[in-house]
Amino acid sequence: MSGIVIVGAQWGDEGKGKIVDLIAPYAELVVRYAGGANAGHTLVVGGEQLILHLVPSGILHEDKHCLIGQGTVIDPHVLLEEIRLVQEKGVTLTNRFTVSERAHLVLPQHKAIDALREARQGAIGTTKRGIGPAYEDKAGRRGLRIGDLLRPETFRAKLQANLEAWQPVFEALGGTPLDPEAIIKDYLATGEQLASFIGEVGSVVGDALAKDARVLFEGAQGTMLDIDSGTYPFVTSSNAVAGGATTGSGVGPTAISGVIGIAKAYTTRVGGGPFPTELQDATGNKLRDAGAEFGATTGRPRRCGWLDIVPLRLAVRANGLTELAITKLDVLTGFAELQICVAYELDGKRYEVPPYGDFDRVTPIYESVEGWTEDIRNCRHRADLPDAARHYLDRIEALTKCPVGIVSVGPDREETAELVDPFIGRGA
Ligand code: IMP
């Protein structure tokens, strides 16, 4: 079996879209396995930008079958708009794009509840895309799924029951009641438009793997936003980690032969929650400006800080990483000195991995390393990098005990060092 998982090793926005787009040529199938339109994957090809929220980032490679698995939650309007954008680029989707009939629907009540909750104090800082309430319905066994869009009577009955279930919450939050008939009409119409893309993703992926096809599993968000391994409750509501690739696409763990963790050369986070290495000063602003750190989905300025090895150690373990890909190394060009957080200190004790609960009280322990001033965007091999940049990567490897493979030195496809066929592996 030959499946590679691409997973975020930090708090999301690590540049997974670009790496999936680069690795997709080596695969036959690309499967998105978790999350929903909270994700924003930015692709830059020939200077042109395309932001995708649901459609897998491999979609621009026309010989690939791209699939959205059962672990995701889908807003059909966002999906239809993305299909339109991709088709507008002249890309054909016929017979090469499948959405799982088992994926849950994001409904208007989910978005309304998400927004009402976010208006309160102490909110999570969600993307307000209805993700949390949609997953609540899934776990509560009252969700509606993509397949229900093709069964009008089932859809009607389930929708009415679902709205009734949310009614007390709506009232408590002061929400305006929604019109069931309007939702039914609107969603069934989206079903008609999506019908030719709806299918059994698990079987397609399973059959392909059985025929030795190479499958790329595309994660969304990141390890620290995973509902089980992340900074709970400041997390998203799905399993963003590599394990989600199997439950989220309907094939077993033996399908996975490698896991690539994507990490930025520094750290960012959007929304609330602990972020030990955050820099709320001129250095943080410099990182934000140099890295264009504004959310691809919400446009919110991202919180920025030094590279934190502690979450990366967790990511290596929780995902079983076989290698790290370091992105945005070029953004660090021009800093005289760089700091790497190697561990935390809390109440006199040193922590190499995140401590339970008190994550917001830790003090980062830093190691200073020399910066570089040379433009590295034309480097295509690690050996081409300035000594200080090479040393930076060496330290990441030594501190995480995980090899660094791909290094991204700019937003474009071309601006990448050490790309090899991940299904064959390095040194093969
Ligand atoms: P939700 O997924 O919209 O419920 O948001 C929960 C938390 O995850 C918030 O802090 C969001 O900012 C964060 N989040 C969700 N999706 C992404 C993403 O794709 N990149 C970065 N942060 C995200």
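Everything below is about the structure printed above this text.
Here we summarise the structure given alongside this text.

Cut-offs applied
- Residues numbered from 1 in each chain as written.
- Predicted model: local features only at pLDDT ≥ 70, side-chain atom pairs only at ≥ 80, totals over all residues.
- Heavy atoms only, no water.
- Helix = DSSP H or I, 4+ residues; strand = E, 2+ residues; numbered from the N terminus.
- Rg over C-alpha atoms; globule rule 2.2 N^0.38 Å.
- Lys, Arg positive; Asp, Glu negative; His and termini not counted.
- Charge placed at Lys NZ, Arg CZ, Asp CG, Glu CD.
- Near = heavy atom within 4 Å.
- Polar contact = N/O pair within 3.5 Å; in protein donor to acceptor, adjacent residues only side chain to side chain.
- Buried < 20%, exposed > 50% of the residue type's maximum accessible area, 1.4 Å probe, protein only.
- Pairing = 2+ DSSP bridges.
- Core = buried A, V, L, I, M, F, W, Y, C linked by side-chain atoms within 4.5 Å.
- Contact = heavy atoms within 4.5 Å.
- Arc of directions from axis to C-beta.
- Salt bridge = Lys/Arg side-chain N within 4 Å of Asp/Glu carboxyl O.

1. Describing the overall build of the chain
Line of reasoning, step 1. The number of helices and strands found in the chain is 11 helices and 20 strands.
Line of reasoning, step 2. The C-alpha atoms of the chain give 21 Å as radius of gyration, which agrees with the globular expectation for 428 residues (22 Å, within 12%).
Line of reasoning, step 3. Taken along its principal axes, the extent of the C-alpha atoms in the chain is 65 × 50 × 40 Å.
Line of reasoning, step 4. The average position of the 44 basic charges and that of the 56 acidic charges among the side chains of the chain differ by 3 Å.

2. A word on the site of the ligand
Line of reasoning, step 1. Taken together, 14 residues surround the ligand, and among them Asp13, Asn38, Thr127, Thr236 and Val270 come closest.
Line of reasoning, step 2. Within the backbone of glycine 125, one N or O atom sits 3.4 Å away from an oxygen atom of the ligand.
Line of reasoning, step 3. Contacts to the ligand include glutamine 221, whose side-chain N or O atom sits 3.2 Å from a nitrogen atom.

3. A few points about the pairing of strand β11 (residues 256–264)
Line of reasoning, step 1. Where burial is concerned, most of β11 is hidden: 7 out of the 9 residues are buried.
Line of reasoning, step 2. Pairing geometry for strand β1 (residues 2–8) and β11, over 6 bridges, is parallel. Bridge pairing in β11 links glycine 8 to isoleucine 262.
Line of reasoning, step 3. Where β11 lies against strand β15 (residues 323–327), 5 bridges are found, and the strand directions are parallel. In the strand pairing of β15, alanine 263 is matched with isoleucine 326.

4. A look at the sheet that holds strand β20 (residues 416–417)
Line of reasoning, step 1. The 10 strands are arranged β9-β7-β5-β2-β10-β1-β11-β15-β19-β20 in an open sheet whose pairing can be described as mixed. Unpaired on one side and paired on the other, β9 (198–199) and β20 mark the two borders of the sheet.
Line of reasoning, step 2. As paired strands, strand β5 (residues 65–68) and strand β7 (residues 97–100) are joined by 3 bridges and run parallel to one another. Looking at the pairing, isoleucine 68 lines up with valine 99 of β7.

5. Observations concerning the nonpolar core
Line of reasoning, step 1. Val205, Phe217, Leu329, Leu332, Trp372 and Tyr392 are the most contacted members of the largest nonpolar core, which has 59 residues in total.
Line of reasoning, step 2. Considering each element in turn, this core owes the most residues, 6 residues, to helix α11 (residues 387–400).
Line of reasoning, step 3. If near-sequence neighbours (up to four positions away) are discounted, tryptophan 372 is found in contact with Leu329, Leu332, Thr333, Gly334, Phe335, Leu338, Pro386, Ala388, Ala389 and Tyr392.

6. Points about helix α7 (residues 201–210)
Line of reasoning, step 1. Looking at α7, one finds that the buried residues are Val201, Gly202, Val205, Ala208 and Leu209. Axial view of α7: buried residues confined to an arc of 140 degrees, hence all on one face.
Line of reasoning, step 2. Tucked inside the fold, the buried residues of α7 contact β1, β2 (29–32), β5, β7, β9 and β10 (214–218).
Line of reasoning, step 3. Of the residues trailing α7, aspartate 212 is marked for its positive phi of about 65 degrees.

7. Examining the pairing of β10
On a regular strand, each side chain points to the face opposite its neighbour's, so the side chains alternate between the two faces of the sheet.
Line of reasoning, step 1. Where burial is concerned, most of β10 is hidden: 4 out of the 5 residues are buried.
Line of reasoning, step 2. As paired elements, β1 and β10 share 5 bridges and run parallel to each other. Residue pairing for β10: isoleucine 4 is matched across the bridge by leucine 216.
Line of reasoning, step 3. One ladder, built from 4 bridges, connects β2 with β10; its direction is parallel. The residue of β10 that forms the bridge with arginine 32 is glutamate 218.

8. Observations concerning the side chain of aspartate 308
Line of reasoning, step 1. The residue aspartate 308 is located in strand β14 (residues 307–308) in this model.
Line of reasoning, step 2. There is no salt bridge for the buried aspartate 308, and the closest opposite charge comes from arginine 313, which lies 6.9 Å off by N-O distance.
Line of reasoning, step 3. For aspartate 308, the side chain forms a polar contact with the side chain of tyrosine 344, separated by 2.4 Å.
Line of reasoning, step 4. Not counting the four nearest positions on each side in its chain, aspartate 308 is found in contact with Thr267, Pro276, Thr277, Cys341 and Tyr344.

9. Some remarks on the environment of glycine 130
Line of reasoning, step 1. In this structure, glycine 130 sits in the loop between α3 (108–118) and α4 (131–139).
Line of reasoning, step 2. Separated by 65 residues in sequence, glycine 130 and histidine 65 have C-alpha atoms that sit 28 Å apart.
Line of reasoning, step 3. Contact partners of glycine 130, with chain neighbours within four places excluded, come to Val106, His110, Lys111 and Asp114.

10. Side note on unusual backbone geometry
Line of reasoning, step 1. Each neighbour pair has its own omega, and for tyrosine 232 with proline 233 the value is 5 degrees, a cis peptide bond.
Line of reasoning, step 2. When you line up the elements, proline 233 lands in the loop between β10 and α8 (244–247).
Line of reasoning, step 3. Non-glycine residue aspartate 13 carries a positive phi angle of around 60 degrees.
Line of reasoning, step 4. With respect to the secondary-structure elements, aspartate 13 resides in the loop between β1 and α1 (16–23).
Line of reasoning, step 5. At arginine 141, a residue that is not glycine, the phi angle is positive and equals roughly 60 degrees.
Line of reasoning, step 6. Structurally, arginine 141 can be placed in the loop between α4 and α5 (152–173).
Line of reasoning, step 7. Residue arginine 141 is classed as exposed on the basis of its relative accessible area of 76%.

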